[in-house]
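Here are the chains, one letter per residue:
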Amino acid sequence: MSTSTLPAKTHHGVGVSPGRAAGPVVRVHDRSPDPLPGPAPTDPAADAARIRPAAEAVAQRLIARAAAADGEAREVLEMTATMAADPSLLGKAEQAVAERGLPAPRAVFEAAGEFAELLAATGGYLAERARDVLDVRDRLVAELTGTEPPGVPELTGPSVLVARDLAPADTADLDPRLVLALVTEEGGPTSHTAILARSLGIPAVVAVRGVLAADAAGARVDGAAGTVELFDRAVEPEAATRDRVLWNGVGTTADGHRVALLANIGSAADARAGITADAAGSGLFRTEFCFLDAAAEPDVEAQRSAYAAVLEPFAGKPVVVRTLDAGADKPLPFLAIGDEPNPALGVRGLRVAFDRPGLLDRQLTAIAAAAAETGAEVSVMAPMVATAAEAAWFAERARAAGIERAGVMVETPAAALTAEAILDAVDFVSIGTNDLAQYTFAADRMLGALAALNDPWQPALLRLIAHLARAGGERGKPVGICGEAAADPRLAGVLTGLGVTSLSMNPAALPAVGAALAERTLADWQRAAQSALAATDPARARRAAGQD
Ligand SMILES: C=C(OP(=O)(O)O)C(=O)O
Ligand SMILES: [Mg+2]
């Protein structure tokens, strides 16, 4: 490598997908400037008539990319193509040209902008779709103005991609053989970029302030340490070095201490992916994913059949079904909570059911029926629990519905600090590290600017987990992890060293986690865990655990 002779500046971000790689930088195009509202077109009818062919061209390009992709990538690209050709969006834009005399690019810009605002105002998953609508908007505007479309340019060789953040359509069909590493200025540990990078095995660092302004030609990326060295000349491509992903499908440390490695699922496709990836079961079935678009509460029969479709691949295996986690970042249209000044601290998760116990009871009945039908070993757990009384209330209702094992998620510091009482009220707990970090650090999990606080290697978060694991160990009750922390291979070992009994993750992360776990004995991981706990910041915690 010739890089050692080049001047380098090291930028720090949050490492979200481990591995090291170096290579020439390719910038992902930012969107072009907003189109101007004038001058008015001389022939509005002709200008309006340009919109549908432009939308058709954008949709066709996305469909062609979808045809060359598979699995989730194909779904994302097809969904984006559908949005680009959405008749109500295009109709609104045409109307703005005809009635308000806006030039076609501006009309599309405003129509899509309004649609995105509506989605963003509802928050959560729908707000994430707002990002997709804005992505479609920018593609349409680029098509109408004849400018470079936003997103990843055609890659001619192995490259390090540097972006502000990546939209699902940008990343859906990324070729991991050409993308050496991903670096983003924004985004956090639970962002789309982070999850995708881990699932593709591409080293990634997010929330790297100033990386775009640096305008570098080459970069060397360390996805574990969260560092990006930038060079002002292109750097010879150096393929990623990653954890070996040779895993025999059994979750165990080098000396045979078993840890259940499980899949996080939300659809039948996820469930099949989990089984293919050798998941021993599922530690988190996000039931709200089945009903994101439902306008009214699905009746018991509709719920039973939706759950059965997801449980079916797991016949004979354990699955933890989480009851609806609605509100804040995951609003469900049929559970309108009303205006809240701070939805993340509002009526969400299990709290939605306190005023609507019938809603919970109907869901538990449907889950019990789906479990009986499929033969999956189902237990249930409640999201966003703050007190032992809430946990006991939930467990009682679950048992009344005929479900034997009931647990709760630990996502609030209050639940973690009262681990003993919570565990006494239920059969198990599962730690949602995404939300537990957000509430512990008072740092919105969606904000790139606060990503460093949501880093799951933060010693404060590790201490809460250690407390929970100790309380579970004393009672002989399982303490699992189902947040993104479980998908970080080295952290998975540290969590095991803290006493956690199961790790549930995106199915794509299973081989790397399984392989890393098997590299050391339980005593080694316990030592690594104690060193990480004693560290004063995430970087030191990683080093102390032997990550760097
Ligand atoms: C697993 C979790 O739940 P979700 O990401 O669905 O909020 C979590 O908060 O860590
Ligand atoms: Mg959560």
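Everything numeric here is computed off the predicted structure, so don't read it as measured data.

A.B. asks: I'm lost on helix α10 (residues 268-276) in this one. Help?
C.D. replies: For an α-helix, 3.6 residues make a turn, and residues three or four places apart therefore share a direction. Of the positions making up α10, those classed as buried are Asp270, Ala271, Ala273 and Gly274. In a view along the axis of α10, the buried residues occupy a sector of 160 degrees, so they form one face of it. The inward-facing, buried residues of α10 contact β10 (260-265), β11 (282-286) and α11 (300-311). Immediately beyond the C-terminal end of α10, within one or two residues, lies aspartate 278, with a positive phi of roughly 70 degrees.

A.B. asks: How do you make sense of unusual backbone geometry when you look at a structure like this?
C.D. replies: Working note: non-glycine residues mostly have negative phi, and peptide bonds are mostly trans. Between glycine 38 and proline 39 the backbone carries a cis peptide bond, its omega angle lying at 0 degrees. Relative to the elements of secondary structure, proline 39 occurs in the loop between β3 (20-27) and α1 (44-48). Positive phi values are uncommon outside glycine, yet aspartate 278 reaches one of about 70 degrees. Tracing the chain through its elements places aspartate 278 in the loop between α10 and β11. Assessed through the 17 C-beta atoms surrounding it within 10 Å, aspartate 278 is described here as partly exposed. Non-glycine residue alanine 442 carries a positive phi angle of around 50 degrees. Take alanine 442: it is sitting in the loop between α17 (433-440) and α18 (459-475). On the neighbour-count criterion, alanine 442 (11 C-beta atoms within 10 Å) is exposed.

A.B. asks: Explain the confidence of the model for the chain here, please?
C.D. replies: Parts of the prediction with low pLDDT should not have their coordinates interpreted in detail. Confidence in the prediction of the chain, expressed as mean pLDDT, is 90, and 95% of residues score 70 or more. Confidence over residues 1-5 falls short of pLDDT 50; this stretch has 8 contacts with residues more than four positions distant or in other chains. Listed scores for the predicted complex are pTM 0.73 and ipTM 0.99.

A.B. asks: When you look at the site of ligand 1 in this model, what are you seeing that I'm missing?
C.D. replies: Close to ligand 1 lie Leu284, Arg286, Asp325, Glu411, Gly432, Thr433, Asn434, Asp435, Cys482 and Gly483, which account for all nearby residues. Sorting the residues of the shell around ligand 1 by element identifies β11 and α17 as the ones contributing at least two each. Looking at the shell around ligand 1, the element that brings in the most residues is α17, giving 3 residues. Considered class by class, the residues forming the shell around ligand 1 number 2 nonpolar, 4 polar and 4 charged.

A.B. asks: How should α18 be read in this particular structure?
C.D. replies: Between its first and last C-alpha, α18 extends 24 Å over 17 residues, near the 24 Å set by a 1.5 Å rise per residue. Buried within α18 are the following residues: Leu461, Leu462, Leu464, Ile465, Ala466, Leu468, Ala469, Ala471 and Gly472. Glycine 476 occupies a position one or two residues after α18 and carries a positive phi of about 65 degrees.

A.B. asks: Just to check I follow, could you spell out the nonpolar core for this structure?
C.D. replies: Nonpolar side chains tend toward joint burial in soluble globular proteins. Of all hydrophobic cores here, the largest spans 103 residues; its most connected members are Val408, Ile465, Leu468, Leu495, Leu503 and Val513. In terms of residue count, the dominant contributor to this core is α18 (8 residues). Beyond its immediate stretch of four places on either side in the chain, leucine 468 contacts Val410, Ala416, Ala419, Val429, Ile431 and Val479. Core analysis: the second largest hydrophobic core is formed by 41 residues, Leu166, Val179, Leu180 and Ala451 among them.

A.B. asks: Explain the pairing of strand β5 (residues 179-184) here, please?
C.D. replies: A regular strand places its side chains on the two faces of the sheet in alternate fashion. Counting buried positions along β5 gives 6 out of 6 residues, so the element sits mostly inside the fold. As judged from the 5 bridges shared by strand β4 (residues 159-163) and β5, these two strands associate in the parallel manner. Bridge assignment links leucine 161 to a residue of β5, and that residue is leucine 182. Inspection of the sheet shows β5 paired to strand β6 (residues 204-206) by 2 bridges, in the parallel sense. Its bridge partner lying in β6, valine 183 is registered against valine 205. In the classification by handedness, the crossover that spans β5, the intervening helix α8 (residues 192-200) and the parallel β6 is right-handed.

A.B. asks: Even after reading the chapter, I still don't get the packing of helix α2 (residues 51-68) against helix α3 (residues 71-84), so can you show me in this structure?
C.D. replies: Geometrically, a packed helix pair is captured by the angle between its two axes and the distance between the axes. Contact geometry for α2 and α3: axes closest at 8 Å, N-to-C directions at 170 degrees. With respect to their mutual orientation, α2 and α3 come out roughly antiparallel. Residues Ala55, Val58, Ala59, Leu62, Ile63, Arg65 and Ala66 of α2 pack against Arg74, Leu77, Glu78, Thr80, Ala81 and Ala84 of α3. In terms of residue class, the contact of α2 with α3 is made up of 9 nonpolar, 1 polar and 3 charged.

A.B. asks: Any chance you could explain the environment of valine 300 here in plain terms?
C.D. replies: Following the sequence through the fold, valine 300 ends up in helix α11. Residues valine 300 and arginine 540 lie 240 residues apart in sequence; the distance between their C-alpha atoms is 50 Å. Each residue touching valine 300, except ones within four places of it in the same chain, is listed here: Arg362, Thr365 and Ala366.

A.B. asks: So what exactly am I meant to see when it comes to the pairing of strand β8 (residues 227-231) here?
C.D. replies: Judged from the 5 bridges that link them, strand β1 (residues 8-12) and β8 form a sheet pairing that is antiparallel. From the neighbouring strand, alanine 8 faces β8, where its bridge partner is phenylalanine 231. The pairing of strand β7 (residues 218-222) with β8 spans 5 bridges and is classified as antiparallel. Looking across to β8, one finds that glycine 218 is bridged to phenylalanine 231. Remark: 4 residues form the turn of the hairpin made by β7 and β8, two consecutive strands paired antiparallel; glycine 226 in that turn has positive phi of roughly 75 degrees.

A.B. asks: Explain the sheet that holds strand β13 (residues 377-382) here, please?
C.D. replies: Across a sheet, strands are paired by hydrogen bonds formed along the backbone, either parallel or antiparallel in direction. Spatial ordering of the closed barrel is given by β10-β11-β12-β13-β14-β15-β16-β17, a layout of 8 strands whose pairing is parallel. With direction set aside, neighbouring strand axes in the sheet form an average angle of 30 degrees. For strand β12 (residues 318-322) and β13, the ladder comprises 5 bridges, and the chain directions are parallel. By the bridge assignment for β13, valine 319 is matched with valine 378. Its contacts with the sheet place α18 against β14 (406-410), β15 (428-431) and β16 (479-481), and it is angled at close to 165 degrees to β15.

Each value, and the rule that gives it
- Residues numbered from 1 in each chain as written.
- Chains lettered and ligands numbered in written order.
- Predicted model: local features only at pLDDT ≥ 70, side-chain atom pairs only at ≥ 80, totals over all residues.
- Buried ≥ 20, exposed ≤ 12 C-beta atoms within 10 Å, placed from the backbone.
- Helix = DSSP H or I, 4+ residues; strand = E, 2+ residues; numbered from the N terminus.
- Arc of directions from axis to C-beta.
- Contact = placed C-beta atoms within 7 Å.
- pLDDT = per-residue confidence, 0-100.
- Near = placed C-beta within 6 Å.
- Nonpolar A, V, L, I, M, F, W, Y, C, P; charged D, E, K, R; others polar.
- Expected span 1.5 Å × (residues − 1).
- Core = buried A, V, L, I, M, F, W, Y, C linked by C-beta atoms within 7 Å.
- Pairing = 2+ DSSP bridges.
- Right-handed = clockwise from strand over helix to strand, strands pointing away.
- Axes fitted to C-alpha atoms, helices over the stretch in contact; angles between N-to-C directions.
- Parallel < 35°, antiparallel > 145°, perpendicular 65-115°, else oblique.

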